[in-house]
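One letter stands for each residue in the lines below.
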Protein chains: 2
Amino acid sequence: MKTGIPLEEAQTTLLELVRPVKECHVSLAEAVGRLLSQDIRTAINLPPFDKSPLDGYALQAGDTETASSENPAILQVIEEVRAGFVPEKQVTPGTAIKVMTGAPLPAGADVIIKFEDVARTGNQLKVMYPLQAGSNIIRAGEDVRQGELIAAKGTVLTPPLVGLLAGIGVAAVPVFSKAKVAILSTGDEVIDPSEKLRPGKIYNSNLHSLGACCSQLGAAPVMMGVVPDEQAAIVEHISRALALSDLVITTGGVSVGDYDIVPAALKQIGAEIIFWKVDMKPGSPIIAAQYNNKLIIGLSGNPAAAFITFDLIVAPLIKRMLGFESGLPPKISAILKDNFNKSSQQRRFLRAKVEIINNIRYAKLTGEQSNGVLKSMIDCNILIDVPAGNGPLVAGQEVSAVVIGRQ
Amino acid sequence: MKTGIPLEEAQTTLLELVRPVKECHVSLAEAVGRLLSQDIRTAINLPPFDKSPLDGYALQAGDTETASSENPAILQVIEEVRAGFVPEKQVTPGTAIKVMTGAPLPAGADVIIKFEDVARTGNQLKVMYPLQAGSNIIRAGEDVRQGELIAAKGTVLTPPLVGLLAGIGVAAVPVFSKAKVAILSTGDEVIDPSEKLRPGKIYNSNLHSLGACCSQLGAAPVMMGVVPDEQAAIVEHISRALALSDLVITTGGVSVGDYDIVPAALKQIGAEIIFWKVDMKPGSPIIAAQYNNKLIIGLSGNPAAAFITFDLIVAPLIKRMLGFESGLPPKISAILKDNFNKSSQQRRFLRAKVEIINNIRYAKLTGEQSNGVLKSMIDCNILIDVPAGNGPLVAGQEVSAVVIGRQ
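Residues numbered from 1 in each chain as written. Chains lettered and ligands numbered in written order. Predicted model: local features only at pLDDT ≥ 70, side-chain atom pairs only at ≥ 80, totals over all residues. Heavy atoms only, no water.

### Here we look at helix H3 (residues 206–217) of chain A
An α-helical turn contains 3.6 residues, so any two residues separated by three or four positions project in the same direction.
Next up, step 1: Between its first and last C-alpha atoms H3 of chain A spans 16 Å; for 12 residues at 1.5 Å apiece the expected length is 16 Å, and the two agree.
Next up, step 2: Within H3 of chain A, 10 of the 12 residues are buried, which leaves the element mostly enclosed by the surrounding structure.
Next up, step 3: Of the residues making up H3 of chain A, those classed as buried are Asn 206, Leu 207, His 208, Ser 209, Leu 210, Gly 211, Ala 212, Cys 213, Cys 214 and Leu 217 of chain A.
Next up, step 4: Buried residues along H3 of chain A sit in contact with strand S12 (180–186), strand S15 (220–227), strand S16 (247–251), strand S19 (294–299) and helix H6 (303–322) of chain A together with helix H2 (159–167) of chain B.
Next up, step 5: Phi for Gly 218 of chain A, located one or two positions after H3 of chain A, is positive at around 105 degrees. (Helix = DSSP H or I, 4+ residues; strand = E, 2+ residues; numbered from the N terminus. Expected span 1.5 Å × (residues − 1). Buried < 20%, exposed > 50% of the residue type's maximum accessible area, 1.4 Å probe, protein only. Contact = heavy atoms within 4.5 Å.)

### Let's talk about the domain arrangement of chain A
All names here are of chain A.
Next up, step 1: Domain boundaries assigned for chain A yield domain 1 (2–22 + 177–322), domain 2 (24–46 + 146–176), domain 3 (56–127) and domain 4 (331–403).
Next up, step 2: Its C-alpha centre places domain 1 at a distance of 34 Å from the equivalent point of domain 2.
Next up, step 3: Opposite the five residues of domain 1 that make contact, domain 2 presents five residues.
Next up, step 4: Overall, the association of domain 1 and domain 2 removes approximately 420 Å² of surface from exposure, summing both partners, and the carbon and sulfur fraction of that is 60%.
Next up, step 5: Area buried by domain 1 at its contact with domain 2 is led by Ser 177, Lys 178 and Leu 322, which between them contribute 71% of it.
Next up, step 6: In this assembly, domain 1 and domain 2 are joined by zero salt bridges.
Next up, step 7: Taken together, the links from domain 1 to domain 2 amount to zero residue pairs in polar contact (both at pLDDT 80 or more). (Domains from an automatic or database assignment. Buried area = accessible area lost by both parts, 1.4 Å probe. Salt bridge = Lys/Arg side-chain N within 4 Å of Asp/Glu carboxyl O. Polar contact = N/O pair within 3.5 Å; in protein donor to acceptor, adjacent residues only side chain to side chain.)

### Structural notes on the nonpolar core
Next up, step 1: Judged by nonpolar contacts, the single largest core of 73 residues is most densely connected at Ile 297, Phe 310 and Ile 318 of chain A together with Leu 165 and Val 173 of chain B.
Next up, step 2: Not counting the four nearest positions on each side in its chain, Ile 318 of chain A is found in contact with Val 181, Cys 214, Leu 217, Ala 219, Leu 247 and Phe 310 of chain A.
Next up, step 3: Core analysis: the second largest hydrophobic core is formed by 72 residues, Ala 151 and Leu 157 of chain A together with Ile 183 and Phe 324 of chain B among them. (Core = buried A, V, L, I, M, F, W, Y, C linked by side-chain atoms within 4.5 Å.)

### Remarks on the pattern of salt bridges
Next up, step 1: In this structure the tally under the stated criterion is 22 salt bridges over all chains.
Next up, step 2: Between Lys 2 of chain B and Glu 9 of chain B there is a salt bridge, with the nearest N and O atoms lying 2.7 Å from each other.
Next up, step 3: The exposure class assigned to Lys 2 of chain B is partly exposed, which follows from its relative accessible area of 48%.
Next up, step 4: A relative accessible area of 26% places Glu 9 of chain B in the partly exposed class.
Next up, step 5: The partner of Lys 364 of chain B in a salt bridge is Asp 338 of chain B, with the nearest N and O atoms 3.2 Å apart. Linking Lys 364 of chain B in strand S22 (residues 360–365) with Asp 338 of chain B in the loop between strand S20 (331–336) and strand S21 (348–357), this pair joins segments that are 26 residues apart in sequence.
Next up, step 6: The class of Asp 338 of chain B is buried, set by a relative accessible area of 17%.
Next up, step 7: The structure contains a network of salt bridges with shared partners spanning Glu 8, Lys 331, Arg 347 and Asp 385 of chain A.

### Remarks on the relation of the copies chain A and chain B
Next up, step 1: In the superposition of chain A on chain B (RMSD 0.1 Å, axial shift 0.0 Å), the rotation amounts to 180 degrees. The symmetry that links the two subunits is that of a two-fold axis. For chain A, the minimum C-alpha distance to the rotation axis belongs to Ile 360 of chain A and amounts to 2.4 Å.
Next up, step 2: When the interface residues of chain A are mapped onto chain B, 100% of them are again interface residues, pointing to one common binding face. (Least-squares fit on C-alpha atoms with pLDDT ≥ 70 in both.)

Here's what the structure looks like:
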């Protein structure tokens, strides 16, 4: 078992141990936010045929070569085609077919002219100026060409992508299944928010904030509730969680005190401890173990510490299980907006928020940075990465940060 | 009925006609992504009591004033308190109480010292240096104070906010109900993606892309399918959609051709036409009507036009109905990355994507900009707002844009 390892080692060690859970097909109505489990190529052109972008007349440009107001080209309207229907006739010299927006271009025609730009009397059409072949025609395949890659495996299904899949006739979308993530909190002091508060007790926030994180990532949280600080109970709950899920997260009970018994419970289950403690603040007392090819990650019971280690270490695992190409949070740089007066003995992550002013990116601290404080997570969308041994930070300096939350 | 109005007039006129649909309570597990329908103030301090951030001993700093390695302060350990339990005794001069992480600070104690920093033999404790009163104590209310505003009405419930609500004992969260948005497509040429493609037909992408947009915004789409270009059928479907939903969106049938019959259907229903056509490209032929205090918005059948008018005009309405304070898309500026060689007679919105390089924000065009092309919507997260009468755009110039998608 390794201990006190760097964050990056914790991330890469664990990422190698997970893969996308499995695939399934969902309807277009359920597809948004899911990830494609296969490359999608289109079997058809989009649009599937040459068509009219407007209400007008399809004809041959050659008939209008010498047309003018004084000497208009005169054409015979031989058919009318609505969108959704197919022309029965062909356009030949001296003829035109009326086409509505979206109707296929009739065979023989090479140009379309707007309703408003012609004069019509009975079936006789007058065109007052020469037309250029090819005008006002939407070509088959203008949007996407038959065989073209529409989206690669691992792409998030956004609304326009859902629309594009619909447009090429993909009604059942291949996606990665939702990873099931069991979450359980430990601690004799922890009670459910639905209970009455009693002396010495606190409400369980970790279960609910991490459950919400899982939902937001697109995973299916399996809420296992609170377990008292008894090794047998923790063993029983973790075992049950392993049976119900693809990944187990616990909070609390991972420090080195007399009652921090998650590590002991993991050993009793027979799980292999991969590491215990990561060199970072907050969130250092994190433990990772594996049992039957499933990971169990024990986070600190401190709300902010649990949150930050979830974002930096657990979220990447879940994203990999959901099919994301890279689960690791993107790194950015930004200009610091505030002073931070503490020196950092240990590598430290500060809660901050990106602000773009005059097209320049700034990082603004979101408030009190201590382990137990959740309030400063509310507006936090980046974590400033302060190296070990760093002195106070000064407004105006460039800082490195990782972007958290769902991208 | 107004026609050819500016986008801003269309937005504000319609926004005045909608309000949040109603309120309900959801469990913490269902809360993420919803919007608070009430201000939330906390009825308790968080944490609720002074407590220990570590495993250690609670004592009186006064007892250690003269302590040194040679002459340690010697204290009697009189009790041990685990997290979740309440001290039975008080700390008095010469005594200490063992406290585990999260345990309440015992009465009488004013400082806590770590396990690792003392020597203990039996019940005798030696402290080797003077302690400062107040050290290593997490104070009640350090995170939030009783009565404090936690989050205002209209706030989106993010995972940390869900955690904070759990922490203050809010188990049932007051949220705005999901607005029901009916979507129906018109057009004889339009068929469902599950059908076999036939000559002259195209697959329905609008229904599915707009349904996905509604889902992503947090609304409940009501998928009404495709209606042929027959006025009676459109009247019947819009009437049914009005009964099933809070807002009705149609696509197609809003231009001025012979078969663009949504406006006629709206008049037959007895709906009041608010405006028809907005001065913008793409998406100009949009119609808005009201019937029985419900809005019906008819969008273009062109996929990109439908999408862009949804984002600029319909999404703000839905956001208002869902409880967002301002539904209007935020405006930003950015440095253009590409040339755009066309002049714009009409106000035009160009599909583009924000890229931040060296902390500077750029806008990159996402491809082909014509009305029917959906592919360039895929990566689009901003629409560059090009004023009417503007000439070609040049890489390096600053442009205005609106941010689309869910913020």
